[in-house]
Amino acid sequence: MTISAAPVIRRRMMDLTLEEHTLTVPLVWSDLSDTRTIDVFASVVSREGGEDLPYLVFLQGGPGSEAPRALHAPAAPSWLDQALAHHRVVMIDQRGTGRSTPVGDGILSRGAEAVAEHLTHLRADAIVRDCEALRAHLGADRWNVLGQSFGGFTTLAYLSTDASSIDRAYLTGGLSTVTRGPDEVYALCYDKMRDASERYYRRFPEHRERMRRLVDLAESGDILLPSGEVVSPSRLRSVGSALGTNDGWQTLWQLLELDPATNAFRYDLAAAMPFGGRNPLYFVFHESSYANGHVTGWSAERVEPADFVEDVTLFTGEHIRRDWTETVPAFQPWRDVALALADHEWPAIYDPAALAASGARGAASVYVNDPYVPIEFSLETAALLPDLRLWVTSEHEHNGLRAGRVLEHLVDLAHDRRAR
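Residues numbered from 1 in each chain as written. Predicted model: local features only at pLDDT ≥ 70, side-chain atom pairs only at ≥ 80, totals over all residues. Heavy atoms only, no water.

A. Representation of the nonpolar core. Formed by 106 residues in total, the largest nonpolar core has its most connected members in L119, W143, L269 and F315. If you tally residues by element for this core, the top one is helix α5 (residues 182-203), at 9 residues. Once residues within four sequence positions are removed from consideration, L269 is found in contact with I223, L225, V231, L236, V239 and L255. (Core = buried A, V, L, I, M, F, W, Y, C linked by side-chain atoms within 4.5 Å. Buried < 20%, exposed > 50% of the residue type's maximum accessible area, 1.4 Å probe, protein only. Helix = DSSP H or I, 4+ residues; strand = E, 2+ residues; numbered from the N terminus. Contact = heavy atoms within 4.5 Å.)

B. Structural detail: the pattern of salt bridges. One pass over the full model with this rule turns up 34 salt bridges. Between R47 and D81 there is a salt bridge, with the nearest N and O atoms lying 2.9 Å from each other. With R47 in strand β4 (residues 37-47) and D81 in helix α1 (residues 79-84), the pair connects residues that are 34 residues apart, well separated along the chain. Judged by its relative accessible area of 24%, R47 falls in the partly exposed class. The partner of E229 in a salt bridge is R235, and the shortest N-O contact between them spans 2.9 Å. Per residue, the accessibility class of E229 equals that of R235, and both read buried. Each of the salt bridges in this network shares a partner with another, and the network as a whole consists of E301, E304, R321, R322 and D323. (Salt bridge = Lys/Arg side-chain N within 4 Å of Asp/Glu carboxyl O.)

C. Examining the pairing of strand β3 (residues 16-26) more closely. Here β3 lies mainly inside the structure; 8 of its 11 residues are buried. Pairing of strand β1 (residues 4-5) with β3 involves 2 bridges; the strand directions are antiparallel. By the bridge assignment for β3, A5 is matched with L23. Pairing of strand β2 (residues 9-13) with β3, which is carried by 5 bridges, proceeds in the antiparallel orientation. Directly across from R12, in β3, lies its bridge partner T17. Following β2, the chain reverses through 2 residues before pairing antiparallel with β3; M14 in that reversal takes a positive phi of roughly 55°. Examined bridge by bridge, β3 and β4 share 11 bridges and lie antiparallel to one another. Along β4, the bridge assignment pairs L18 with V45. (Pairing = 2+ DSSP bridges.)

D. Looking closely at the side chain of E318. By the secondary structure assignment, E318 is in the loop between α12 (306-310) and α13 (324-327). R402 is the oppositely charged side chain nearest to the buried, salt-bridge-free E318, at an N-O distance of 9.2 Å. Here Y282 takes part through its side chain, which lies 2.2 Å from a polar atom of the side chain of E318. Of note is the side chain of E318, whose polar atom sits 3.4 Å from the side chain of H286. Look past the residues within four positions of E318 in its chain and what remains in contact with it is Y186, F275, Y282, H286 and Y372. (Lys, Arg positive; Asp, Glu negative; His and termini not counted. Polar contact = N/O pair within 3.5 Å; in protein donor to acceptor, adjacent residues only side chain to side chain.)

E. Up close: the side chain of E66. With respect to the helices and strands, E66 occurs in the loop between β5 (55-59) and α1. Residue E66 is classed as buried on the basis of its relative accessible area of 18%. Within polar-contact distance, the side chain of E66 engages the side chain of R278 at 2.5 Å. Apart from the residues within four sequence positions on either side, E66 is in contact with Q60, D93, T97, G98 and R278.

Nothing here speaks to function; it is geometry throughout.
The following block contains the structure:
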């Protein structure tokens, strides 16, 4: 199958130049006799005078999130200025997001079976193939990769198959396990959320009883969001996801200080919960991120520890629940798709032996308290990549890339420069 490219569109945005590229590529890279195609969109961003700098392709977290659109402060990601000092930045919308044949509610008209089958072709291994097509299109022999969270998982898939295409790899909160199954991951993430919950309640002990009362209200069906969702206890407890970010405790504190009968509480609760209708892939596709030759089978729900069942004040993080397909209006249309994907046997996409032989260079930030990508498993993966410099820190949480000068520090590490 021939890969085709639309004409390049060039734009100026203050001191930045944007080149917009759209490729038409196979939906199913593993079977080129399948004639279905999708579009993959990427914007190449450079600062004036930096048009010939090396490429750095940014792989967004998620899964299911497009690349950032804002390119100037204060809305732009804080790391972009750091990146543009050394690179042209390739902002790729991963397949199924943004302008890369996005997946939304409209696709459901095809029927659950067809939609589920379509989504199986949107994983990290296919994103790698899209990146390789884009690299060839741009005429780059090699380039650099920055992978945040799920983007780091994708970078590990990239290094498993095409390490020779990557000069340096930068991973931020994205050193996923490449040997363990989703059950082990989510069980350890419960341990991380238990610790995060107890740290929070040590600071704000009065909030434990407030959380207990809120769970009672949810049990009675008395918390109603503006969307019409009757909030279940498991959805309410998922606000703990905020504790995985640098300032997320403030989000939680502000929420628990509000009267639950007020509009302010209902709207702030809706904004604080991690899974929403804007990005359905994040919910229906999430557990597949940790499936390296596994059936997920609602893993987070199955491995919930007994104390989380007994103590309803313990917060959860990225632990999705099957009952949300019945209680969350945005997810109800996706119920049959989510059930089908939970039963799907996902092919392996990581190769530990290939990673060990990759010679990968670069640097990675590993966050000590990360409740989404546990440090214990990150260090196991790092051991396969001895030339990947590590920055193990408790200075930041999972969103450190967006909250500080993390990229600048990693670039210095990768190039053996003294950190500024």
